[in-house]
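# Coordinate analysis (summary)
What follows is each chain in one-letter form.
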Amino acid sequence: KEAETQQKLANVVVLATGGTIAGAGASAANSATYQAAKVGIEQLIAAVPQLGQLANVRGEQVMQIASESITNDNLLQLGRRVAELADSKDVDGIVITHGTDTLEETAYFLNLVEKTDKPIIVVGSMRPGTAMSADGMLNLYNAVAVASSKDARGKGVLVTMNDEIQSGRDVSKMINIKTEAFKSAWGPLGMVVEGKSYWFRLPAKRHTMDSEFDIKTIESLPDVEIAYSYGNVSDTAYKALAQSGAKAIIHAGTGNGSVSSRVVPTLQALRKDGVQIIRSSHVNAGGFVLRNAEQPDDKYDWVVAHDLNPQKARILAMVALTKTNDSKELQRMFWEY
Ligand SMILES: NC(=O)CC[C@H](N)C(=O)O
């Protein structure tokens, strides 16, 4: 009987990378003061025995870090392992446990480069497992539920936090002290309740199977950096980033990716020197940068990041630059992905 149910259940691999979902604090009252990336994957899985009713689950510890320390090499390593598993006949879905600080970056990266329609779910938690009202158990349960469901296939990389199913492309960490931390300007794709997914909309942007990018052909990622804008901003950071070898600079602009008149001449000069200038916005609820609206992008040969926040724009720029250094092609990619 047991063998029979095992056969019917989907096979889900949980790749662990660290973060608060693997965090531990000194007391149950420590919801915010704790060490991330302490608990191993076997212990995380064992803490939620109900996972066994959803899927045949096995875990792999890919790394054990807080996600603010993730490097491009870490991204490539994780991306390659996901691709290997996705190619394997006996894997139906993949879950990645991840720190929440850069979870949105990893989810978007995988969404761009994984050539599979199998569910890939990235999940984290806002409280360590040692805290009262820890959210990691349910988030992981929901992630495995979505990863093992057939109706999650072909929807791109997904994020399950706080009972919502979000598109890995759109979702962003909007607040760092609530369990309701992950939001998308365009709304969640669905909900997961008691292990069942309920879908409401589909991603419109190119991803996974429909993407022109493939982790298997990416050997390394170019240096793309972000410069933050504000009143009285100077051009020091932009110049320093270019000098240190950045192939593109994401302008984390105010409002509609606007650029201070104090910085415009520097950005023009950097573009002439071959650095790609990509205008994004750091407004909190979701930027929306229009071409030639605040700045004459055609004239300056700059790119706009569309609705991608600066950290997501960095991910797409890196992946895009592995294919082209043509600004028109980059702009096309920023509209399509
Ligand atoms: N809630 C979290 O996961 C934050 C912990 C840590 N800064 C990380 O991103 O890994």
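Everything here concerns the structure above.
Let us look at the structure shown here. Per chain, the residues get numbers from 1 upward, laid out in the order the sequence is written. Only residues with pLDDT of at least 70 get local features here, since the model is predicted, and only at 80 or more are side-chain atom pairs given and counted; chain-wide, interface and lining totals rely on the full set of residues. Values reported for side chains reflect all heavy atoms of the structure, with hydrogen atoms and water molecules removed beforehand.

## Re the layout of surface pockets
Empty space among the atoms can be located by rolling a probe the size of a water molecule over them. Our working definition: Buried and open spaces are told apart on a 1 Å grid over the protein atoms alone, a cavity being a set of points where a 1.4 Å probe fits but cannot get out and a pocket being an open set with protein on both sides within 12 Å along at least five of seven lines. Residues with an atom within 4 Å of a point are the lining residues. Grid points are joined across faces, edges and corners, and a volume is the space filled by probe spheres set on the points. By the criteria applied, helices consist of DSSP H or I runs no shorter than four residues and strands consist of E runs no shorter than two, each listed in order from the N terminus. When residue character is reported, Ala, Val, Leu, Ile, Met, Phe, Trp, Tyr, Cys and Pro are called nonpolar, Asp, Glu, Lys and Arg charged, and the others, Gly included, polar.
Space inside the largest pocket adds up to approximately 430 Å³. Every residue lining the largest pocket is counted, 28 residues in all, and those nearest its centre are E104, S172, N284, N309 and Q311. When residues of the lining of the largest pocket are traced back to their parent elements, those giving at least two are α5 (103–113), β7 (172–173), β11 (224–228) and α10 (310–321). Ranked by the residues each element gives to the lining of the largest pocket, the list is headed by α10, at three residues. Residue classes in the lining of the largest pocket are distributed as 10 nonpolar, nine polar and nine charged. A class-by-class count of the residues in the lining of the second largest pocket yields six nonpolar, seven polar and five charged.

## A short note on the sheet that holds β11
Going by this rule: Only when DSSP finds a minimum of two bridges between them are two strands counted as paired.
In spatial order, the strands read β11-β12-β13-β14; together these four strands make up an open sheet with parallel pairing. Every interior strand has two partners, whereas the edge strands, β11 and β14 (303–304), have only one. Relative to strand β13 (residues 276–281), strand β12 (residues 248–253) runs parallel, the two sharing six bridges. Within the sheet, the bridge partner assigned to A248 lies in β13 and is Q276.

## Here's the deal with helix α7 (residues 236–243)
Inclusion rule: A simple rule labels every residue: compare its accessible area, found with a 1.4 Å probe on the protein chains alone, to the largest value its type can have, and call it buried under 20%, exposed over 50%, or partly exposed in between. The directions considered for the arc run from the helix axis to the C-beta atoms. Throughout, a residue-residue contact means that at least one pair of heavy atoms, one from each residue, lies within 4.5 Å.
Listed as buried for α7 are Y238, L241 and A242. The buried residues of α7 occupy one face: seen down the axis, they fall within an arc of 100°. Along α7, the residues that are exposed and aim more than 90 degrees away from the buried face are T236 and Q243. Contact partners of the buried residues in α7: β11, β12 and α8 (264–272). With its phi angle positive at about 110°, G245 sits one or two positions after the end of α7.

## Let's talk about the packing of helix α4 (residues 72–87) against α5
Rules: Whenever a helix is involved, its axis is fitted only over the stretch in contact; in every case the axis is a line through C-alpha atoms, and angles between N-to-C directions fall within 0 to 180 degrees. Oblique is the label for every angle not falling under 35 degrees (roughly parallel), over 145 degrees (roughly antiparallel), or within 65 to 115 degrees (roughly perpendicular). By definition, any crossing whose near helix is turned counterclockwise from its far helix by less than a right angle is left-handed, and any crossing with a clockwise turn is right-handed.
Axis separation between α4 and α5 bottoms out at 11 Å; the angle between their running directions is 50°. Accordingly, the angle class assigned to the pair α4 and α5 is oblique. The two elements α4 and α5 meet at a crossing, and its hand is right-handed. On α5, the residues that touch L75, L76, L78, G79 and V82 of α4 are T106, F109 and L110. Here the contact of α4 with α5 is composed, by residue class, of six nonpolar, two polar and no charged.

## Remarks on the nonpolar core
The cut-off we apply is this: By nonpolar core we mean a set of buried residues, namely Ala, Val, Leu, Ile, Met, Phe, Trp, Tyr and Cys, connected to one another through side-chain atoms within 4.5 Å.
In this structure, V95 and F109 are the most contacted members of the largest nonpolar core, which totals 81 residues. Sort the elements by how many residues they give to this core and α10 lands first, with eight residues. Residues within four places of V95 in sequence aside, it is in contact with V12, V13, V14, L15, I121, V123, L140, A143, V144 and A147. Among the nonpolar cores identified, the runner-up in size contains 16 residues, and A246, I249, V263 and V275 belong to it.

## Structural notes on the site of the ligand
Quick reminder of the rule: Near, as used in this document, describes a residue that has one of its heavy atoms within 4 Å of the molecule or strand being considered. Throughout this description, a polar contact denotes any pair of N or O atoms lying within 3.5 Å of each other; where both atoms belong to protein, one of them has to be capable of donating a hydrogen while the other can accept it, and for residues adjacent in sequence the pair is counted only when both atoms sit in side chains. Accessible surface is estimated by sampling points in the Shrake-Rupley manner with a 1.4 Å probe; for residues, cover comes only from the protein chains shown. Pocket occupancy is defined atom-wise: a molecule lies in a cavity or pocket when more than half of its atoms are within 2 Å of its grid points.
The immediate surroundings of the ligand are formed by G19, T20, Y34, A66, S67, E68, G99, T100, D101 and S125. Residue S67 places a side-chain N or O atom 2.6 Å away from an oxygen atom belonging to the ligand. Between the ligand and the protein, one listed contact pairs a nitrogen atom with a side-chain N or O atom of D101 at 2.7 Å. Its free accessible area being 290 Å², the ligand has 91% of it covered by the protein chains. A majority-of-atoms criterion places the ligand in the second largest pocket.

## Re the environment of P128
With respect to the helices and strands, the residue P128 is situated in the loop between β4 (120–123) and α6 (136–147). Taking the C-alpha atoms as reference points, P128 and A22, 106 residues apart in sequence, are found 6.7 Å from one another. For P128, the residues in contact, after removing those within four places along its chain, are T20, G23, A24, N30, S31, Y34 and A134.

## Some thoughts on the pairing of strand β1 (residues 10–18)
When you tally the buried positions in β1, you get eight out of nine residues, the bulk of the element. For β1 and strand β2 (residues 55–65), the ladder comprises eight bridges, and the chain directions are parallel. Bridge assignment links V12 to a residue of β2, and that residue is V57.

## Quick word on the packing of aromatic side chains
Under the convention used in this document: Stacked, edge-to-face and tilted are the three classes for Phe, Tyr and Trp ring pairs, Trp counted by its six-membered ring, which pair at centre distances within 6.5 Å; planes under 30 degrees apart are stacked, over 60 edge-to-face, the rest tilted. In this analysis the charged atom, NZ for Lys or CZ for Arg, is taken to sit over a ring once it is within 6 Å of the ring centre and within 35 degrees of the ring normal.
For the structure shown, the criterion picks out three aromatic pairs. Considering the side-chain rings of F213 and Y337, the 5.0 Å spacing of their centres and the 45° angle between planes classify their relative orientation as tilted. Here F213 is found in the loop between β10 (196–199) and β11, whereas its partner Y337 is found in the segment after α11 (327–336), with 124 residues between them in sequence. The two residues F213 and Y337 agree in class, both being buried. Of note, K155 hangs over the ring of W199, and the distance from its end group to the ring centre comes to 4.5 Å.

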